[in-house]
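Residues per chain are reported as follows:
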Amino acid sequence: MARTTITVNVDKVAYTDDVEPRMLLVQYLRERLGKTGTLIGCDTSNCGACTVHLDGTSVKSCTMLAVQADGHEVTTIEGLAQDGELHPMQAAFHECHALQCGFCTPGMIMQSIDLLGEHPDPDEQTVREGLEGNLCRCTGYQNIVKAVQTAAKANAGAGAQAGGAA
Amino acid sequence: MTITEIGTSRRRKEDQRLITGRTRYTDNMVLPGMLHLAVVRSPFAHATITSINVDEAKSAPGVIAILTGTDVAEEQGSLPCAWPITEDQKAPPHPAIAVDHVAFAGEIVACVIARSAAEARDAIELIDVDYDELPVILDLEEALTDSTLAHTDLGTNLSATWVFDSAEAGTGGDVKQALADGEVVIERTYYQQRVIPAFMEPRSTVVDPTGEQITMWSATQVPHILRLMLALTLGIPESKVRVIAPDVGGGFGGKLQVTPEEVITMLAARHTGKPCKYTETRSESLMAAHHGRAQVQRLALSATRDGTVTGLSVRLLADMGAYLGLVTPGIPILGAFMYNSIYKFPAYRFECKNLFTNKAWTDAYRGAGRPEATFAIERLMDDLAAELDMDPIELRRKNWIKHEEFPFTTVCGLEYDSGNYEAATDKAMELFGYDELRAEQQQRRESGDRVQLGLGVSTFTEMCGLAPSRVLGSLAYGAGGWEYAQVRVLPTGAVEVVTGVSAHGQGHETAWSQIVADRLGVPFDSVEVLHGDTQVSQKGMDTYGSRSLAVGGMAVVAAADKVIEKAKTVAAHLLEANRDDIEFTAGKFGVKGTDQGMTLGEISLATFAAHNLPDGFEPSLDSDATFDPENFSFPHGTHLAAMEIDTETGEAKLRKYVCVDDVGNVINPMIVEGQVHGGLVQGIAQALFEEAVYDEAGTLVTGSFVDYLVPSAPDVPSFITDRTVTPATSNVLGVKGVGEAGTIASTPAIVNGVIDALRHLGVKDIRMPCSPHRVWKTIQDAASKGMGAEAAVPKDTSPEQVADGFNSSGSIPTGDVQ
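The structure displayed is predicted, hence computed values, not measured ones.

**Quick notes on the confidence of the model for chain B**
Reading fine detail from the predicted coordinates is not recommended where pLDDT is low. Residue and element names in this part refer to chain B. On average, residues of chain B score 95 in pLDDT, and 96% of them are at 70 or above. Counting contacts from residues 788–818, a segment whose pLDDT is below 50, to residues more than four positions away or on other chains yields 63 contacts. Here the complex is predicted with pTM 0.96, and the ipTM for its interfaces comes to 0.97.

Okay, structure coming up:
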């Protein structure tokens, strides 16, 4: 099958690869780059386990082709922690016991970060609706909601601190 | 022992890798030269395979080999069923790759092994299979008549009939008599629709045939059982097989299985001599991984007019699907002892007919038999309360075992060791605002509000902590119910705990660390928990049936206690004291009446050096233990649901949910609460959303997450969860188990709430899932029939005859599922 050359920046590293045009972004991440932190839970874009950020916005990486990511910046769960410091959303998931088996977790965290980008201080219903495209079978969602709201508070606290310092 | 860890909400050790993407799910595995499998599945529910042409596929790019049932007929054996419930149980052979016929849509008929997953998938499209279609049997009641056979060679659809009768067993009275004498008799038929475990991680298997042991990584709950069964099925020495369950993305019973896909991946690796991987798609998972529930429950309950239940008869039709899986026939039996639930019924009879149909086979799903039983009795108790015009909680109070009556031997002969149903119920009612909600319900009824309020009550207990080996033996299960653990003290004083249970989300690494930290007086972070690899954890019975803590945790305690005994001997020797004078407190082995003492780490280092040990003392503190429980454990709880039903749209909304569970002592309250949350949503999902729907040809209509409605976050509210603590007396930890509680209790709470909201409109039952259309239709039917005695009473007929166009077992118009 004919191949196309793409250059994608994934978790702050630029990769150039020849890919089959039919290759999904999630397959590229997992199979070519070894970014197995991003997972596949379904084949109909319902479960959201494969959620990553494309240029800072969440996208289900099974709904787009690798070639469509050419020239774009992708962030996966593996690129969130900086210098050994967990992202506030990762820390909140840990603190609030928002995961059990952990399979939905990478996608859930990526979607939750996106949600707070849009709604910095969401109420419970807003969180629940914002996560509608991500399925979890273990937690019953209650602690995930709590984690997202906890991260929101942490963000607000950090923002206030930064504001105060300025 | 100084308790500093047990009872605290330690954040989980497991989380770090899971929240950063450093995970080891099976599908993440890549090995040198690894080949990939894709399988051809039958599109027909029942057919003879007349020919398979693989020529074109063989020469497709990247294809290394193709396996058909004929190719492996000699070596593939028959997939195991470990629970023959009767001596004359009938079962068809169960090949991993079908040889000459298929019995459900989704059964594997060929396998392609290729260099890449994409090439394997491309090539299966080129395999040409000819089938001769056979008539399908999908409905349980029809299956009972044998008018159409799921397996023509078997001659019948009836696999087994299993009966428990309290009069015959000498544990209670005669049900026939009780029903004949009953002042009130309630007869009902309830339908447990077929549901799908739908763990988030699709099943995946990697087999590496290089080296002396064949190594299998698999997304399984049961690495130890799998190893044994692979050896038996394929005729390989058990010592030549190693099974690893790495990170596993949920199971819920759905990964308590020895699957065709695991056997096929093993065969492919042996044929090619190369590592092979198979990962299913979600559609394959929904279609071919085992399903759960799927029963017709015919019930008769007798009572006096004052509400004292005098007898219960249960006649069950249980859908095995096309084959018997690992414990398929035993699932209804796990429910058989639970229909009497928390009540003092004097007479009980249970009869179950296990029947084959041309659908995916059923097996364990969270609760396994006990949710079905609990649903039936809790629905019946509500119906009886309505019949007697009693409050449903008062009726339960009248019949349940009082806290001062424990231990209590039930009509099934089980001894419930402890419980306090009064305390849990009182607490739940208070948190719920029961009386206020009843007042609001009355007010809404009187004002004819479009949105009616219903209060759903569900009290439950379950037998878990599976299981005393002798009891399993008496039920003809193929193995015991013990659990194994090893505690190793390293020279530095760090502790390794090996456990025979196999976590897939439960948090064993954290909870076991808490137990051992307290037991040995070592820091939480010094404990490492190892599991899920038969080479590391050499023995075990794995994780299911809420057994991990009550059985596996107890094995850990027993092993740790042996370490303490050995350490005392070394300490006495080194401190030149009498062994009887050594006291172990707060992590220190001290000499009574002195300030002399040593830590476990110091003793461990001295034992490692072995320069100065007592004569004949083996230089090791390491100990192992196998714990076999004396009894089951019996968690219980009271769950209350406030349901708002829009009578014009049929939408059923869960407004408030309160549960008070008593799971005995708790190691980690945070983990326990998380288990309850998740369990609740799975039970609520059965009540309101989920159903595996087949069309009249036996094709699964709900074959993707587009159609199979696993609830998402906006579908459920936050829950109010609380606990009472009545420690189990059957184990020193006083623990009972929590994995299945939420799922068992919540389904009847929800449906009772729906019915309670609509009973005054003439509605007496709605089949699950209570989708808006079903609820609306039932309200309409009740209205059109008026308020007569027959209004909307569920008829004692098979699902096909329910006139709303929906059913769980047969002809369903596609595209109009929910």
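**What to know about the domain arrangement of chain B**
One frequent convention defines the size of an interface as the accessible area lost when the parts assemble. Residue and element names in this part refer to chain B. Taken domain by domain, chain B comprises domain 1 (31–134 + 200–250 + 255–288), domain 2 (363–466 + 632–801) and domain 3 (482–627). Taking only C-alpha atoms into account, the centre of domain 1 sits 38 Å from that of domain 2. With 10 residues of domain 1 in contact, the opposing surface of domain 2 contributes 11 residues. Partitioned by chemical class, the residues of the side of domain 1 that touches domain 2 number six nonpolar, three polar and one charged.

**Details of the domain arrangement of chain A**
All names here are of chain A. The domain architecture assigned to chain A consists of domain 1 (4–79) and domain 2 (88–161). Once you take the C-alpha centre of each, domain 1 and domain 2 turn out to be 22 Å apart. Tallying the contact residues gives 15 residues for domain 1 and 11 residues for domain 2. Of all elements in the fold, only strand 3 (51–54) and strand 4 (57–60) reach the threshold of two or more residues within the side of domain 1 that touches domain 2. The element that contributes the greatest number of residues to the side of domain 1 that touches domain 2 is strand 3, accounting for three residues. Looking at the side of domain 1 that touches domain 2, its residues break down into six nonpolar, nine polar and no charged.

**As for the pairing of strand 13 (residues 292–303) of chain B**
In regular strands, side chains alternate between the two faces of the sheet. Residue and element names in this part refer to chain B. Within strand 13, 11 of the 12 residues are buried, which leaves it mostly tucked inside the rest of the structure. Pairing of strand 8 (residues 184–195) with strand 13, which is carried by 11 bridges, proceeds in the antiparallel orientation. Paired with V195 across the strands is G292, a residue of strand 13. Relative to strand 14 (residues 309–321), strand 13 runs antiparallel, the two being bridged by nine bridges. Among the inter-strand pairings, Q297 is bridged to a residue of strand 14, identified as L316. In textbook terms, the turn of a hairpin is the stretch between consecutive antiparallel strands, and for strand 13 and strand 14 this stretch comprises five residues, one of which, G307, has a positive phi near 95°.

**A short note on the nonpolar core**
Among the nonpolar cores identified, the biggest contains 313 residues, and B:C111, B:V112 and B:V754 are the most heavily contacted of them. In this view, B:V754 contacts B:G454, B:M643, B:I645, B:A652, B:I766, B:C770 and B:V775; residues no more than four positions away in its chain are not counted.

**What to know about the sheet that holds strand 18 (residues 451–461) of chain B**
Residue and element names in this part refer to chain B. One open sheet holds the four strands; their spatial order is 18-26-27-28, and the pairing between them is mixed. Edge positions in the open sheet fall to strand 18 and strand 28 (720–723), since each of these has one partner strand only. Neighbouring strand axes in the sheet, compared pairwise and without regard to direction, differ in orientation by 10° on average. Here strand 26 (residues 636–646) runs beside strand 27 (residues 652–662); their pairing, made up of 10 bridges, is antiparallel. Residue pairing in the sheet places I645 in a bridge with A652 of strand 27.

**As for the packing of helix 8 (residues 223–234) of chain B against helix 9 (residues 260–272) of chain B**
Residues and elements named next belong to chain B. At a closest axis distance of 11 Å, the pairing of helix 8 and helix 9 adopts a crossing angle of 60°. Here the hand of the crossing between helix 8 and helix 9 comes out right-handed. On the side of helix 8, the interface is formed by L226, L230, T233 and L234, while helix 9 contributes E262, V263 and M266.

**Digging into the packing of helix 2 (residues 88–95) of chain A against helix 3 (residues 105–118) of chain A**
All names here are of chain A. At a minimum axis distance of 10 Å, the contact between helix 2 and helix 3 shows a crossing angle of 125°. By the angle class used here, helix 2 and helix 3 are oblique. Both helix 2 and helix 3 take part in a crossing whose hand is right-handed. Contact residues: M89, Q90 and F93 in helix 2; T105, I109, S112 and I113 in helix 3. Residues of the contact of helix 2 with helix 3, tallied by class, amount to four nonpolar, three polar and no charged.

**A word on the environment of B:D363**
As for its placement among the helices and strands, B:D363 is situated in the loop between strand 15 (348–356) and helix 12 (370–388). In sequence terms B:D363 and B:G254 are 109 residues apart; their C-alpha atoms lie 7.6 Å from each other.

**Some points on the sheet that holds strand 19 (residues 483–489) of chain B**
All names here are of chain B. What the four strands build is an open sheet, ordered 21-20-19-25; its pairing is mixed. Looking at the sheet topology across the chains shown, the edges are occupied by strand 21 (527–530) and strand 25 (623–627). Mean inter-strand twist for the sheet, computed between neighbouring axes without regard to direction, equals 20°. By the bridge criterion, four bridges tie strand 20 (residues 495–499) to strand 21 in an arrangement that is parallel. Following the sheet pairing, V498 is matched in strand 21 by L530.

**Observations regarding the interface of chain B and chain A**
Facing 41 residues of chain B, the contacting portion of chain A comprises 45 residues. Going through the elements one at a time, helix 1 (15–20), helix 10 (282–288) and helix 20 (669–688) of chain B are the ones with two or more residues in the side of chain B that touches chain A. A per-element tally of the side of chain B that touches chain A places helix 20 of chain B first, with six residues. Of the residues assigned to the side of chain B that touches chain A, the class counts are 18 nonpolar, 16 polar and seven charged.

Definitions and cut-offs
Residues numbered from 1 in each chain as written. Chains lettered and ligands numbered in written order. Predicted model: local features only at pLDDT ≥ 70, side-chain atom pairs only at ≥ 80, totals over all residues. pLDDT = per-residue confidence, 0-100. Contact = placed C-beta atoms within 7 Å. Domains from an automatic or database assignment. Nonpolar A, V, L, I, M, F, W, Y, C, P; charged D, E, K, R; others polar. Helix = DSSP H or I, 4+ residues; strand = E, 2+ residues; numbered from the N terminus. Buried ≥ 20, exposed ≤ 12 C-beta atoms within 10 Å, placed from the backbone. Pairing = 2+ DSSP bridges. Core = buried A, V, L, I, M, F, W, Y, C linked by C-beta atoms within 7 Å. Axes fitted to C-alpha atoms, helices over the stretch in contact; angles between N-to-C directions. Left-handed = near helix turned anticlockwise from the far one by under 90°. Parallel < 35°, antiparallel > 145°, perpendicular 65-115°, else oblique.

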